[in-house]
Amino acid sequence: MFAEFLQFLLSGITIGAIYALAGLGFSIIYNSSHVINFAQGEFIMVGAMSTVALVGTGVPLPVAILIAIVATMLVGLALEKFAIEPARNADVVTLIIITIGASIFLRGVAQVLWGKDFHSLRAFTGDTPINIMGATIVPQSLWVLGVTMVVIIALGWFFSRTLAGKAMLATSYNRLAAQLCGIAVKRVLMLSFGLSAMLGAIGGIVVTPITFTSYEAGIMLGLKGFTAAVLGGLGNGAGAVVGGLIVGVAEAMGAGYISSAYKDAIAFVIILFVLFFMPSGLFGKRATDRV
Amino acid sequence: MKMMLKGGAVAGVALAAGLAVGVAQAADPIKIGATLSVTGGASFLGDPEKKTLEMYVDAINKDGGVLGRKIELIVYDDAGAPDKATSNVKRLLQNDSVDIIVGGSTTATTMAAVPLVEKAEVPFISLAGAVVIIEPVKKWVFKTPHTDRMAAEKVFADMKKRGITKIGLISEDAGFGKSGHDESLKVAPNYGIQIVADETYSPKDPDVTAQLTKIKNAPGVQAVFNFGFGQGPAVVTKNYRQLGITVPLYQSHGVASKSFIQLAGESAEGVRLPAAGLVVADQLPANDPQKAVVTSFNKEYKAKWGSDPSTFAGHAYDGLQIALAAIQRAGSSDKAKVRDEIEKTSGYVGTGGMVSMSPTDHMGLSLQAFHMVEIRKGDWVLID
Amino acid sequence: MQRNRYIGLAVLAIVIALLPLAFSNNYHYDIAILAGFNAIVCVGLNLLVGYAGQISLGHAGFFALGAYASGILTTRYGVPPLLALLSGAVFVGFLAFVLARPILRLKGHYLAMATLGIGIIISIVLNTESWITGGPDGLMTDAFSVAGVALTTEKTWYWVVGGLLLFAVWLALNIIDSPIGRALRALHGSEVGAQVVGVDTTQYKVLVFVISAVFASVVGSLFAHYVGLMTPTSAGFMKSVELVAMVVFGGMASTYGAVVGAAILTSLPQFLATLHDYEAVVLGAVLMGTMIFMPRGLLPTMVRLIRRWGQ
């Protein structure tokens with residue numbers, strides 16, 4: 001009984017960690033621009049697919065990963081520069097549609113470049129399962145969890161200790177005031193897209209040995225990432241991580257104890273329930289409207 | 001609306017121009033239409049199918065076509081969405097006036113097209129699996145792949161041989177897996193097999209360990225059967241090994257492509273599945289009638305596209321060959337005559353097996369057409 | 001305003017009447033009918049998104065519920081199509097009413113999330129409960145008929161849908177010009193401001209949410225009968241996004257814009273189908289480009305350009 005529970009929990013946390021990384025990407029962009037970037041899932045896909053493509057041409061894995069992360073960041077920067085910035089004063093819904101257009105575009109390009117097949121990467125450190133009190137976990141899951149943790153710690157350090165990070169935080173609190181203090185808001189925007197793209201790429205790469213990837217892999221992960229970010233409270237990094245873990249664990253427990261057909265619905269029911277009582281998510285700032 | 005108007009007008013002019021050209025030419029091309037799931041969740045079906053059709057239509061046109069007429073292939077992508085398939089088929093029937101339709105990569109897109117082709121009285125050869133396509137028999141509808149019921153029967157027969165009576169079933173909750181699941185439940189008792197655990201997953205689930213844990217803990221499970229296609233079965237296979245489940249794992253014919261082995265990697269070792277002779281072409285005995293056909297198809301496809309063809313590519317090959325042979329025999333592209341000739345297809349040896357259709361059997365394959373294969377050292381090994 | 005409205009309606013009527021002159025076969029009618037269906041949903045959705053400023057990423061769910069209500073009631077229980085359509089609309093209206101209060105308390109992206117969740121839950125239920133919905137393979141539906149007269153040919157459907165579209169636009173314009181519409185606009189400008197001057201914002205938001213859901217449900221019912229096949233994908237996230245994209249593309253807070261957006265985004269993929277692998281690239285680029293360079297949407301930008309050119 002306990003082994004079963006532990007198995008569900010471990011599976012849920014592994015998947016939840018991926019959702020958390022995707023959710024963090026949403027949060028960072030939201031913080032600096034109040035844009036919900038529906039192309040976040042495509043960052044995940046681009047990172048994974050370009051790594052697969054590079055490895056396929058014989059590039060060693062670590063080098064391929066580095067190039068892929070840089071390439072994805074460039075995609076993120078280009079998205080900000082050519083699609084978001086020119087439309088900065090547009091309505092929220094308009095911006096959503098722009099990012100949705102971008103996601104369709106990126107999927108289309110990926111499909112032309114890399115075809116429609118599913119791809120996998122070799123697990124970083126083998127496939128021998130690790131037994132933990134009757135439950136099992138693949139070594140790659142530890143990579144996912146470890147990398148997620150490192151990323152979260154690094155982000156925490158970045159936002160609290162570096163000038164650039166502080167500038168980003170300041171911009172998210174009050175854009176005008178930040179501008180008055182001499183923060184180059186435009187550069188903060190660029191930075192946030194680059195950072196989110198990097199997070200997406202890292203998440204996509206570490207998880208590919210477990211879940212595989214294809215040009216459409218970003219749709220589902222993006223959706224779950226958005227869910228995680230909203231559940232935790234938009235703009236709250238820690239919230240996104242908690243949100244991702246809750247969604248992941250809820251799905252695994254739902255599939256294990258209730259019904260595998262309804263596991264996705266269970267996650268969404270939880271979110272609706274949370275939102276009914278906490279309209280700004282678990283850790284979101286209470287929104288105040290200016291008149 | 002204005003855009004529509006303009007588009008409509010352009011299309012109208014184009015059509016008129018097309019007609020004028022048509023009259024000027026001595027012989028109109030034979031038009032083969034196709035709606036395939038080239039993108040979307042079922043793209044690993046539709047993509048090789050499209051490649052196969054294009055490649056052979058080109059080759060045949062270079063050799064002068066059929067009945068002295070060129071073949072024109074019109075393919076539209078339905079992304080696996082039945083409502084898109086409906087609108088594609090309407091377009092093929094009414095705008096492109098095709099002589100015959102090949103395709104419908106999935107059961108859902110095929111069934112969406114069925115009422116339209118029946119009404120328009122155009123022969124239709126589906127490339128999808130489920131038994132509902134040909135049962136009950138529909139006058140204008142045929143199919144080339146083996147049915148999901150046959151796959152279940154083949155698997156259960158193999159289990160019976162190994163003395164397995166209690167199994168866990170895990171299936172995808174979308175079209176192919178759901179239909180396969182239902183057929184499996186139906187035929188299992190015929191082989192004395194009892195399904196003691198019955199789980200599902202969504203096509204894009206990154207993890208199914210929760211479902212597999214339940215199956216693992218179900219009392220008396222002697223084997224597990226997975227019905228699904230795409231990345232799902234690869235995830236199932238990987239998680240299966242991760243959980244250290246030791247009883248045999250069976251997959252359906254939905255994974256009979258090399259990409260499954262590539263995705264699942266070493267986890268795929270020992271997995272058994274029913275598949276067409278195509279995947280084990282070189283292991284077929286020399287006297288097997290299929291040997292020559294599948295060997296040359298394999299070679300031609302690989303030469304053109306650089307990868308081994310999946311059995312799905314083979315379904316499209318068979319569909320095209322059956323259609324063209326029927327047109328040849330009918331001596332024209334007259335729809336009613338072609339339909340009658342397709343129904344009379346007899347002893348055609350294709351990638352799926354020997355096809356002999358009849359008014360009551362619009363698929364024409366028998367269980368013999370299926371081979372049981374096991375994955376060993378990253379390759380298919382014929383085991384019966 | 002009043003005069004403008006009738007000119008607009010007249011232009012729309014003339015376009016609908018003349019459009020068939022450009023059609024050479026039933027396929028063209030088919031595209032126009034699908035565009036018409038989407039246009040009606042978008043006219044309703046525009047009230048919510050464009051005027052009340054409340055985003056919904058779940059309207060495909062209401063569309064699908066209407067469709068399945070019609071499909072299930074007519075094929076499994078022999079209910080006459082019109083009655084089934086009305087039952088579906090009442091059911092969806094009631095559901096929307098119940099959901100509206102808790103949901104519409106949410107703002108912006110939280111509202112987007114909640115509506116998205118509702119849409120996905122609906123599509124999962126439709127996908128799973130196959131004993132009644134037919135599951136992922138869908139549900140076959142018979143032709144629509146009223147008093148023994150069946151709607152079968154594309155031509156008759158075209159005129160029915162055209163008529164309904166005119167009616168929907170007329171209805172929407174009336175709502176916009178009524179006190180409800182004024183309250184909604186106030187709400188869009190500043191919700192707190194509207195509350196301060198005594199507008200019961202919640203009540204109006206609920207009302208317009210229900211209206212837009214019923215629009216979607218009725219069209220869903222007709223769609224089910226027209227296509228003859230319903231699948232859970234029509235309740236999916238992508239379909240909801242498509243509907244919102246049509247509204248925004250054509251021009252938010254512009255009823256005719258919603259019609260134009262629906263017409264273009266329905267027919268565009270048909271033109272692009274011949275591009276095969278490049279279809280998604282071009283579609284994405286068009287969507288992005290239009291929204292970047294015309295953030296107010298196509299129709300309002302065009303109208304402004306024409307006005308400026310006229311001066």
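Residues numbered from 1 in each chain as written. Chains lettered and ligands numbered in written order. Predicted model: local features only at pLDDT ≥ 70, side-chain atom pairs only at ≥ 80, totals over all residues. Heavy atoms only, no water.

Things to note about the overall build of chain B
Across its full length, chain B carries 12 helices and 14 strands. Its C-alpha radius of gyration of 21 Å places chain B within 12% of the 21 Å reference for a compact globule of 384 residues. In terms of its C-alpha atoms, chain B occupies a principal-axis envelope of roughly 70 × 55 × 40 Å. Each of the 384 residues in chain B was classed as buried or not, and the buried ones make up 63%. (Helix = DSSP H or I, 4+ residues; strand = E, 2+ residues; numbered from the N terminus. Rg over C-alpha atoms; globule rule 2.2 N^0.38 Å. Buried < 20%, exposed > 50% of the residue type's maximum accessible area, 1.4 Å probe, protein only.)

Here's the deal with a nonpolar patch on the surface
All names here are of chain A. A contiguous nonpolar patch, built from Met1, Phe2, Phe5, Met133, Tyr257 and Ile258 and spanning about 720 Å² of accessible area, is present on the exposed surface. Elements supplying a minimum of two residues to the nonpolar patch: helix H1 (2-33) and helix H10 (237-258). Of note, phenylalanine 5 is situated in helix H1. In this structure phenylalanine 5 comes out as partly exposed when scored by relative accessible area, which is 34%. (Patch = residues over 30% accessible without salt bridge, like charges linked within 9 Å, V, L, I, M, F, W, Y side chains within 5 Å. Areas by Shrake-Rupley, 256 points an atom, 1.4 Å probe, with all protein chains shown as cover. Salt bridge = Lys/Arg side-chain N within 4 Å of Asp/Glu carboxyl O.)

A look at the interface of chain B and chain A
Each partner contributes residues to the interface: chain B has 30 residues there, and chain A has 30 residues. Interface of chain B and chain A: buried area, both sides summed, is about 2700 Å²; carbon and sulfur atoms make up 54% of it. Summed over the three residues of chain B that lose the most area to chain A, namely Pro206, Gln242 and Leu263 of chain B, the buried surface amounts to 23% of that side. Counting across the interface, chain B meets chain A through 2 salt bridges. The partner of aspartate 205 of chain B in a salt bridge is lysine 263 of chain A, and the shortest N-O contact between them spans 2.8 Å. (Contact = heavy atoms within 4.5 Å. Buried area = accessible area lost by both parts, 1.4 Å probe.)

Some details on empty space enclosed by the protein
Summed over the entire model, instances satisfying the criterion amount to 8 cavities of 30 Å³ or more. As for the second largest cavity, its lining consists of 13 residues, of which Phe38, Ser103, Arg107 and Ile219 of chain A together with Phe237 of chain C are closest to the centre. When contributions to the lining of the second largest cavity are tallied by element, the ones reaching two or more residues are helix H2 (40-56), helix H4 (92-114) and helix H9 (217-232) of chain A together with helix H11 (237-250) of chain C. Of the residues forming the lining of the second largest cavity, the biggest block, 4 residues, is contributed by H9 of chain A. For the lining of the second largest cavity, the class distribution of residues is 7 nonpolar, 4 polar and 2 charged. (1 Å grid on protein atoms, 1.4 Å probe; cavity = no way out; pocket = protein on both sides within 12 Å on 5 of 7 lines; lining within 4 Å. Points joined across faces, edges and corners; volume = space filled by probe spheres on them. Nonpolar A, V, L, I, M, F, W, Y, C, P; charged D, E, K, R; others polar.)

Remarks on the interface of chain C and chain A
Contacts between chain C and chain A engage 43 residues on the former and 50 residues on the latter. Buried surface at the junction of chain C and chain A, both sides included, amounts to about 4000 Å², of which 81% is carbon and sulfur. When the area that chain C buries against chain A is broken down by residue, the three leading residues are His109, Tyr110 and Met113 of chain C, summing to 19%. For the interface between chain C and chain A, the tally reads 0 salt bridges. The tally of links from chain C across to chain A stands at 5 residue pairs in polar contact (both at pLDDT 80 or more). Counting residues per element, the ones that place at least two in the side of chain C that touches chain A are helix H4 (81-104), helix H5 (108-128), helix H9 (191-196), H11 and helix H13 (279-293) of chain C. (Polar contact = N/O pair within 3.5 Å; in protein donor to acceptor, adjacent residues only side chain to side chain.)

Looking at the pattern of salt bridges
All names here are of chain A. Taken as a whole and assessed by the stated rule, the structure comprises 25 salt bridges over all chains. When the shortest N-O distance is used, the salt bridge between arginine 107 and glutamate 42 registers 3.0 Å. One end of the pair, arginine 107, is in helix H4; the other, glutamate 42, is in helix H2, with 65 residues separating them in the sequence. With a relative accessible area of 12%, arginine 107 lands in the buried category.

Describing the confidence of the model for chain B
Residue and element names in this part refer to chain B. The share of residues in chain B with pLDDT of 70 or more is 93%, and the mean pLDDT across the chain is 88. Note that pLDDT drops below 50 for residues 1-25; the model gives that stretch 23 contacts with residues more than four away or on any other chain. Interface confidence for the predicted complex, given as ipTM, is 0.87, next to a pTM of 0.87. (pLDDT = per-residue confidence, 0-100.)

Focus on the pairing of strand E10 (residues 272-276) of chain B
Here E10 of chain B lies mainly inside the structure; 5 of its 5 residues are buried. Residues Arg272, Pro274 and Ala276 of chain B line one face of E10 of chain B and the alternating positions Leu273 and Ala275 of chain B line the opposite face, and both faces are buried.

Overview of the sheet that holds strand E5 (residues 141-143) of chain B
Strand pairing in a sheet takes place through backbone hydrogen bonds and is either antiparallel or parallel in direction. All names here are of chain B. With respect to topology, 5 strands assemble into an open sheet ordered E2-E1-E3-E4-E5, the strand pairing being parallel. Lying at the two open borders of the sheet, with one neighbouring strand each, are strand E2 (71-77) and E5. Ignoring which end each strand starts from, the neighbouring axes of this sheet average 20° apart. One ladder, built from 3 bridges, connects strand E4 (residues 124-126) with E5; its direction is parallel. In the sheet register, isoleucine 125 faces E5, and the bridge partner there is phenylalanine 142. (Pairing = 2+ DSSP bridges. Axes fitted to C-alpha atoms, helices over the stretch in contact; angles between N-to-C directions.)

Focus on the domain arrangement of chain B
Residues and elements named next belong to chain B. For chain B, the assigned domains read domain 1 (28-147 + 295-368) and domain 2 (148-282 + 370-382). Spacing between the C-alpha centres of domain 1 and domain 2 amounts to 27 Å. At the interface, 25 residues of domain 1 touch 21 residues of domain 2. Carbon and sulfur atoms make up 64% of the area that domain 1 and domain 2 hide from each other, which totals about 1900 Å². Inspection of the domain 1/domain 2 interface yields 2 salt bridges. Residues lysine 258 and aspartate 308 are paired through a salt bridge, measuring 3.5 Å at the closest nitrogen-oxygen approach. Between the two partners, domain 1 and domain 2, sit 10 residue pairs in polar contact (both at pLDDT 80 or more). Elements that contribute at least two residues to the side of domain 1 that touches domain 2 include exactly helix H2 (43-62), helix H10 (290-305) and helix H11 (311-330). Of the residues in the side of domain 1 that touches domain 2, the class split is 11 nonpolar, 12 polar and 2 charged. (Domains from an automatic or database assignment.)

Examining the nonpolar core
In this structure, Ile98 of chain A together with Phe37, Leu116 and Trp157 of chain C are the most contacted members of the largest nonpolar core, which totals 181 residues. In terms of residue count, the dominant contributor to this core is helix H2 (residues 26-51) of chain C (15 residues). By size, the runner-up hydrophobic cluster in this structure holds 120 residues, among which are Ile30, Leu36, Ile215 and Ala264 of chain B. (Core = buried A, V, L, I, M, F, W, Y, C linked by side-chain atoms within 4.5 Å.)

Section: the packing of aromatic side chains
For the structure shown, the criterion picks out 30 aromatic pairs over all chains. Arranged with centres 4.9 Å apart and planes meeting at 75°, the rings of phenylalanine 44 of chain B and phenylalanine 229 of chain B form a pair that is edge-to-face. Of this pair, phenylalanine 44 of chain B sits in helix H2 while phenylalanine 229 of chain B sits in the loop between strand E8 (223-227) and helix H8 (231-242), placing them 185 residues apart in sequence. The same class applies to phenylalanine 44 of chain B as to phenylalanine 229 of chain B, namely buried. Seen in terms of ring centroids, phenylalanine 63 of chain C and phenylalanine 223 of chain C are 5.3 Å apart; in terms of plane orientation they differ by 55°. Their pairing is tilted. Here phenylalanine 63 of chain C, found in helix H3 (residues 59-77), pairs with phenylalanine 223 of chain C, found in helix H10 (residues 201-227); they are 160 residues apart in sequence, far enough to count as distant. The class of phenylalanine 223 of chain C is buried, set by a relative accessible area of 8%. Joined through ring pairs, the aromatic side chains of Phe44, Phe156, Phe176, Tyr191, Phe225, Phe227, Phe229 and Phe312 of chain B make up one cluster. The ring of tryptophan 140 of chain B is capped by arginine 339 of chain B, whose NZ or CZ atom sits 6.0 Å from the centre of that ring. (Phe/Tyr/Trp six-rings, centres within 6.5 Å; stacked < 30°, edge-to-face > 60°. Lys NZ or Arg CZ within 6 Å of the ring centre and 35° of its normal.)

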